[in-house]
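Chain by chain, the residues run as shown.
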Amino acid sequence: MNTASGNTVKVLLIEDNPIHVGLVKTLLAESKSPVFQLQFAGTLQAGLNQLDAASVDMVLLDLTLPDSEDLDTFIRVRSFAPAIPIVIVTSLDDIKLAAKAVEAGAQDYLVKTQLSRTSLIRSIRYAIERTRVRDAEWDSPMFRLAQRQFLKAAQFMGLDDNIRQRLLFPQRTLVVTLPFRRDHYTEVETVFGYRVQHILTMGPTKGGIRYHQDVSLGEVSALAMWMSWKCALVHLPFGGAKGGVRIDPTGLTSHELQRLTRRFATEISPIIGPEKDIPAPDMGTNERVMAWIMDTYSQEKGYTVPAVVTGKPLVLGGARGRNEATGRGVVYLIQEAAKHLKMNLSECTAVVQGFGNVGSHAALFLSELGVKLIGVSDATTGIYNRHGLSMPSLLEYVAKNRFLEGYPEGDQISNEELLELKCDILVPAALQNQITAENADRIQCKLLAEGANGPTTLEADEVLNEKGVFILPDILANAGGVTVSYFEWVQDTQNYMWTLEEVNQRLKSILKDAFHRTLNRAQKNQFDMRTAAMIEGVERVSQAKLARGLYP
Ligand code: GLU
């Protein structure tokens, strides 16, 4: 099952008392974010069998079972599935034993007679998050992908080894834990937040802030590294940065989102600022979140500082066209690629994965060019209509219902099926890690334009290159967002605002230039487009590093 926000937690409850099973079931049933998928086992053996058979995110464990008792129960589950977090559910009499299990590696214990919905859900969430902190920081699949892409480019370009080592990890990272108050006044949540600055050589650092339940230091670091190459590729005077908070924002009220944002802004305020590091929207954040960050920072300074963030509302110094800039950029680049590939766009079909800011705008601008949009998706569903989907009708439906689920003018398909549809242009504009070794040979597009960051693995790249798919890699395809962010920063620092025409025309010429430099490099050296784009970016950063020299 997939929820609207994609946040599902699979819990295995190993417990022989049907009353307690019923209680846990009732407490977890109403939660929407996350949604819990609960499995039960009445004996240790049945529990181990289920752990073996199905993927489970965490275990709720009673230590006293018909076929096992005391610490032994914990140790056997632990040694069977060492990576899975375990929370002990205990009676008041056995609390000492439960505490011993925590010492031995269980994440937490809960007293059965004191269970409440809040205490249970929080304990489960924290258990999973803490395990992720231990296992996933730095060593995340995304960070490994970013490093491997960089190493591949470094190898092709014969990059100086000192610089290679220097660029492989971010220059500065800030990890914070921050509390914020729920609307229920006595409930305070503590969450993890990050701001990572990859390179401080080129000017201030620049990059978005993401709110998502999977955010980790490794993921934010990968995204910061990609921002460095992206900014350098389009010749912006920035190094790369990224920030994030590990939380599902769809489960928060607007008041909670505001308190969380203001506290996070305060926590990172020592390292952000118009000359230091300039945040922007990313997945799960928007112009309203940017307005709160700008206000919090300005309150701390005692005067208004519009240039501390980009992607703000227009009335606070936002740039015209920034909101739709990433999607617009994707389509400008598709137009350039289509010219090169001699594809007539008015005869082409397109599939767009993701209907957030990037996906919906890319779909809109493509359909305005006469491209037939045959598939779109969001976290709830994919929609397919081989006769073409109507953008006004899709936008109206989403404005009313928030998600695409139930949209009547097409067939409902899964996100996996959507990616494999036969089409001319495929735009992954949702999450990372979508096109992998597993599905790459079933991808049927001619042109792949990566609106999302990191949607394609290196293994998939190889398959796609062999199949002759033309790739507009993420650091090029979605660079329109940060380019207009740069325009916004320039406008704010000069107190001089541009027209929408000026913004769009400058955006187009910057992206066209980056596209042709990348294409020339790819053709001259027979690199794939991703490697060529990476080398364009890495080379510029490396030149800047050499020009500045090493201090002291
Ligand atoms: N979050 C966007 C990106 O990944 C934009 C960053 C910015 O505008 O600074 O490129």
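What you see is a predicted model; the values in this text were computed from it and never measured.

Q: So what exactly am I meant to see when it comes to the pairing of strand β7 (residues 188-197) here?
A: Regular strands place their side chains on alternate faces of the sheet. Buried residues dominate β7, accounting for 8 of its 10 residues. Two elements, strand β6 (residues 172-181) and β7, share 10 bridges in a ladder whose sense is antiparallel. What sits directly across from L178, in β7, is V191. Linking two consecutive strands that pair antiparallel, namely β6 and β7, is a turn of 6 residues.

Q: Is there a simple way to think about the UniProt feature "domain: Response regulatory" (unreviewed entry) in the chain in this case?
A: With numbering matched to this structure, UniProt assigns "domain: Response regulatory" (unreviewed entry) to residues 10-127. Secondary structure content for residues 10-127 is 45% helix and 22% strand, while the C-alpha to C-alpha distance between its ends is 13 Å.

Q: Looking at this model, I keep getting lost on the nonpolar core. Mind explaining?
A: Inside soluble globular proteins, nonpolar side chains tend to come together where they are buried. One finds W229, I334, I425 and L472 to be the most contacted residues of the largest nonpolar core, which totals 92 residues. It is helix α8 (residues 217-233) that provides the largest number of residues to this core, a total of 9 residues. Ignoring any residue separated from it by four or fewer positions in sequence, one finds I425 in contact with I334, M343, L345, C348, T349, A350, V351, V371, C445 and L447.

Q: Quick question: what am I supposed to make of helix α10 (residues 287-301) here?
A: Given 3.6 residues per turn, any residue in an α-helix points the same way as the ones three and four places further on. Compared with an ideal rise of 1.5 Å per residue, which puts 15 residues at 21 Å, α10 spans 21 Å between its outermost C-alpha atoms and is within 8% of the ideal. Among the residues making up α10, those that are buried are V289, M290, A291, W292, I293, M294, T296, Y297 and S298. Here the buried face of α10 lies against β8 (205-212), α9 (254-268) and β10 (277-281). The backbone nitrogen of R288 lies 3.1 Å from a side-chain oxygen of the residue at the head of α10, namely N286. Once α10 finishes, G302 follows within two positions and takes phi at roughly 95°, a positive value.

Q: Before we go on, may I ask you to explain α8 in this structure?
A: For α8, which comprises 17 residues, the first-to-last C-alpha distance of 24 Å matches the rise-based estimate of 24 Å (1.5 Å per residue) to within 8%. Within α8, 17 of the 17 residues are buried, leaving the element largely enclosed by the surrounding structure. Two residues or fewer after α8 comes H235, characterised by a positive phi angle close to 60°.

Q: Would you mind going over unusual backbone geometry with me for this structure?
A: Across the chain, the bulk of peptide bonds are trans and the bulk of non-glycine residues have phi less than zero. Cis geometry is found at the peptide bond from S33 to P34, where omega equals 5°. Summarising the element assignment, P34 is placed in the loop between α1 (18-29) and β2 (35-41). For the bond running from Y551 to P552, omega is -5°, close enough to zero to count as cis. In the Ramachandran plot, N433 falls in the positive-phi region, its phi being about 60° despite a non-glycine side chain. Checked against the element boundaries, N433 lands in the loop between β15 (425-428) and β16 (447-449). The phi dihedral of N495 falls on the positive side, at around 50°, and the residue is not glycine.

Q: Is there a simple way to think about the sheet that holds strand β4 (residues 86-90) in this case?
A: Two orientations exist for strands paired in a sheet by backbone hydrogen bonds: parallel and antiparallel. Sheet architecture is open: 5 strands sit in the order β2-β1-β3-β4-β5, paired in parallel fashion. What marks the edges here is a single partner per strand, and that holds for β2 and β5 (108-111). Strand after strand, the sheet turns through a mean of 25° between neighbouring axes, direction not considered. Sheet analysis places strand β1 (residues 8-14) next to β2, joined by 7 bridges and oriented parallel.

Q: Explain the pattern of salt bridges here, please?
A: Taken as a whole and judged by the stated rule, the model has 30 salt bridges. Of the charged contacts in the structure, one is a salt bridge between R125 and E189, with a shortest N-O distance of 2.8 Å. Here R125 is found in helix α5 (residues 117-136), whereas its partner E189 is found in strand β7, with 64 residues between them in sequence. According to the relative accessible area criterion, R125 is buried, its value standing at 19%. We note a salt bridge from R259 to D183, for which the minimum N-O separation is 2.6 Å. On the criterion of sequence distance, the pair formed by R259 in helix α9 and D183 in the loop between β6 and β7 is long-range, its members being 76 residues apart.

Q: Whenever I open this one, a negative patch on the surface confuses me. Can you help?
A: Taken together, E69, D70, D72, D93 and D94 make up a surface patch of like negative charges. Tracing the backbone through its elements, the reader meets E69 in the loop between β3 (58-62) and α3 (70-80).

Q: Is there a simple way to explain the sheet that holds β7 in this structure?
A: Here 5 strands make up an open sheet; going across it, the order is β6-β7-β9-β8-β10 and the pairing mixed. Looking at strand neighbours, the two that pair on one side only are β6 and β10, the edges of this open sheet. Averaged over all neighbouring strand pairs, the angle between strand axes comes to 25°, with direction disregarded.

Cut-offs and rules
- Every chain begins its residue count from 1, and numbering advances along the sequence as written.
- For this predicted model, a pLDDT threshold of at least 70 governs which residues receive local features, and a threshold of 80 or more governs which side-chain atom pairs are given and counted, while totals over whole chains, interfaces and linings are taken from all residues.
- As a rule here, side-chain values come from all non-hydrogen atoms in the structure, and water together with hydrogens is ignored.
- Burial classes follow relative accessibility: with a 1.4 Å probe on protein chains only, a residue under 20% of its type's maximum area counts as buried, one over 50% as exposed, and anything between as partly exposed.
- For helices the rule is a DSSP run of H or I covering at least 4 residues; for strands it is a run of E covering at least 2, with both sets numbered from the N terminus onward.
- Strand pairing requires that DSSP identify at least two bridges connecting the strands.
- UniProt positions are given in the numbering used here, feature names are shortened, and annotations may be inferred rather than shown by experiment.
- To define a nonpolar core, start from buried Ala, Val, Leu, Ile, Met, Phe, Trp, Tyr and Cys residues and group those joined through side-chain atoms within 4.5 Å.
- By definition, residues are in contact when any of their heavy atoms lie within 4.5 Å.
- Expected helix span is taken as 1.5 Å per residue step, with the number of steps being one fewer than the number of residues.
- Between N or O atoms, a polar contact is any pair within 3.5 Å; within protein, one atom must be a potential hydrogen donor and the other a potential acceptor, and residues adjacent in sequence are included only when both atoms are from side chains.
- Between the N-to-C directions of two axes lies an angle of 0 to 180 degrees, each axis being a line fitted to C-alpha atoms and, for a helix, fitted only over the stretch in contact.
- What counts as a salt bridge is simple: a side-chain nitrogen of Lys or Arg found within 4 Å of a carboxyl oxygen of Asp or Glu.
- Candidates for patches are residues over 30% relative accessible area with no salt bridge; among them, like charges are joined within 9 Å and nonpolar side chains (Val, Leu, Ile, Met, Phe, Trp, Tyr) within 5 Å.
- Accessible surface area values rest on a Shrake-Rupley calculation with a 1.4 Å probe, where residue burial reflects the displayed protein chains alone.
- The positive count covers Lys and Arg only, the negative count covers Asp and Glu only, and His and the chain ends enter neither.
- Here the site of a charge means NZ on Lys, CZ on Arg, CG on Asp, or CD on Glu.

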